[in-house]
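Structural overview for review
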Amino acid sequence: MRILVFGAGVLGGNLANNLYKSGKDVTLLARGAWGKEIRKNGLTIHHKLLFKKTNIPIPVVSELKPEDAYDVIFVVMRYTQLDAVIDILNANTTKNIVLVGNNIRAREYRDRMPEKNVMFAFALSAGHRDETSIESIDLKKITIGQLREDASNEALIAHIFAGTGYKVVYQPNMEDYLLCHAAFVIPVSFACYYSEGDLRRLTRANSYIDRVIEANREAYRAIEISGHSIIPESDNDYESDNYYKKTFLFFKAMCATRLGKICASDHAMCAMDEMGALNRDLKKVFDAAGIDYPMWKALEQHTNGYLEIS
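What comes next is a walk through the structure. The structure displayed is predicted, hence computed values, not measured ones.

Considered as a void within the structure, the second largest pocket measures approximately 220 Å³ in volume. Elements that contribute at least two residues to the lining of the second largest pocket include exactly helix H1 (10–21), strand S4 (52–56) and strand S9 (134–145). Class assignment for the residues of the lining of the second largest pocket results in three nonpolar, seven polar and four charged.

What follows is the structure, given as C-alpha cells:
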C-alpha cells in the first residue's frame, strides 16, 4: 500500500514518521526550505513525552502530479489551506483521500470531490516545528471515518493502520465529531489569546474558566438544535454538574502544566488564521440554528486583537 502524507507540519510529520517506522510505503510532501531540510538530513522529531529524538530518511516530494498513484493520501494541513489543494486532489488519480485536522465544512469538502472516497480524521498530536526539527507530544491515537450516510471505510482504515501501534477509533459520523471538537477547541483558543499565549496566568482564574465552559455548552446546544449529534457520547451530559466538574479540572490542568502550552497555546498562537476561520464558520452554524450565544461573543471580544472577528 502506497501512502502519501500531504503536509509536513507537526501532525503530518508525526503521522509520516509512525507509518514509515512500522514498515509502510510512505512518501511525505514537503515544500520549500523544510522539504530541502528533510531531503538532506531526514525527518527529525523530538518526542517530549518519551525524552528521545528520532530521525528517518523518508522519501520526500514537493508536489502531487495528476499521474502520481497512491492507495491513500492523508492531507494534513490547516483548515485555511484546504481550499488551495482541492483541485490538485481532484486532478490526481488516487481514490482514497483523508482530510486530517480541524474542519467545520466536512460535508462541503466531501461534495467538492465527488469522484473520491473522502474520509476525515483527527490525530492526537501537538507541538511546534522549527527550521530543522519537530518538537511534539504524540499519543499515537487517531479518530477516523466518513460522513454518516457514506459507505463504511472501517476495513480499509484497519488495513492502513495494521501493525502501526496506533490506537484507531473508527468514527462513522466524522462531521458531527469535528463540529463538537471545534465547540471545545475554539473556547480554549479564546483563553489562549486572552492570556496572550500563557495559560498559566489563568491557573487561579476560576471565573474565567467557568465562562469558557459555558461557551462550550452554548456551542453544544446549537449543534444539537441543528440536528447533529454530540460526539463523544460521554459529552451528552454537558448540562450536568458532572460534565462541569470534569471539564473544569481538565482546564485547570491545562493552565497549571506544560500540557496547555504544548497542546493548546503553541498551536493557537501560530495558527490565528485557522482559529479565526473555525470561529467564523462555527458561528454560521449557531446563526442557522437561530439561537443566541452571548458568552461565546463575550469571550471572543477579549482576545487582545489576536483573533480576527467577523
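What the rule picks out here adds up to 13 aromatic pairs. Look at Phe190 and Trp296: their rings are 5.4 Å apart centre to centre, the planes differ by 80 degrees, and that puts the pair in the edge-to-face class. Placement of Phe190 in helix H6 (residues 174–194) and of Trp296 in helix H11 (residues 294–300) is noted, with a sequence separation of 106 residues between them. A relative accessible area of 0% places Phe190 in the buried class. Among the aromatic residues, ring-to-ring pairing joins Phe190, Phe286, Tyr293 and Trp296 into one connected group. Of note, Lys140 hangs over the ring of Tyr166, and the distance from its end group to the ring centre comes to 5.9 Å. Sitting over the ring of Tyr293, Lys297 keeps its end group 4.7 Å from the ring centre.

Within the structure shown, the criterion is met by three cavities of 30 Å³ or more. Within this model, the largest cavity holds a volume of roughly 70 Å³. Residue lining of the largest cavity: Val188, Ala191, Leu199, Leu202, Tyr208, Ile209, Val212, Phe251, Met254 and Cys255, and that is the complete set. For the lining of the largest cavity, the per-class residue count stands at 10 nonpolar, no polar and no charged.

Further remarks concern the pattern of salt bridges. In total, this model carries 23 salt bridges according to the counting rule given. One salt bridge in this structure joins Arg110 and Asp111, with 2.7 Å as the shortest N-O distance. Note on Asp111: relative accessible area 45%, which makes it partly exposed. Connected through shared salt-bridge partners, Arg107, Arg110, Asp111, Glu149, Asp150 and Glu175 make up one network.

Here we take up the environment of His267. Mapping His267 onto the fold places it in helix H9 (residues 258–270). Taking the C-alpha atoms as reference points, His267 and Cys192, 75 residues apart in sequence, are found 9.6 Å from one another. When near neighbours in sequence (up to four residues on either side) are disregarded, His267 contacts Asn102, Glu274 and Met275. Within polar-contact distance, the side chain of His267 engages the side chain of Glu274 at 2.6 Å.

Parameters and conventions
Residues numbered from 1 in each chain as written. Predicted model: local features only at pLDDT ≥ 70, side-chain atom pairs only at ≥ 80, totals over all residues. Heavy atoms only, no water. 1 Å grid on protein atoms, 1.4 Å probe; cavity = no way out; pocket = protein on both sides within 12 Å on 5 of 7 lines; lining within 4 Å. Points joined across faces, edges and corners; volume = space filled by probe spheres on them. Helix = DSSP H or I, 4+ residues; strand = E, 2+ residues; numbered from the N terminus. Nonpolar A, V, L, I, M, F, W, Y, C, P; charged D, E, K, R; others polar. Phe/Tyr/Trp six-rings, centres within 6.5 Å; stacked < 30°, edge-to-face > 60°. Buried < 20%, exposed > 50% of the residue type's maximum accessible area, 1.4 Å probe, protein only. Lys NZ or Arg CZ within 6 Å of the ring centre and 35° of its normal. Salt bridge = Lys/Arg side-chain N within 4 Å of Asp/Glu carboxyl O. Contact = heavy atoms within 4.5 Å. Polar contact = N/O pair within 3.5 Å; in protein donor to acceptor, adjacent residues only side chain to side chain.

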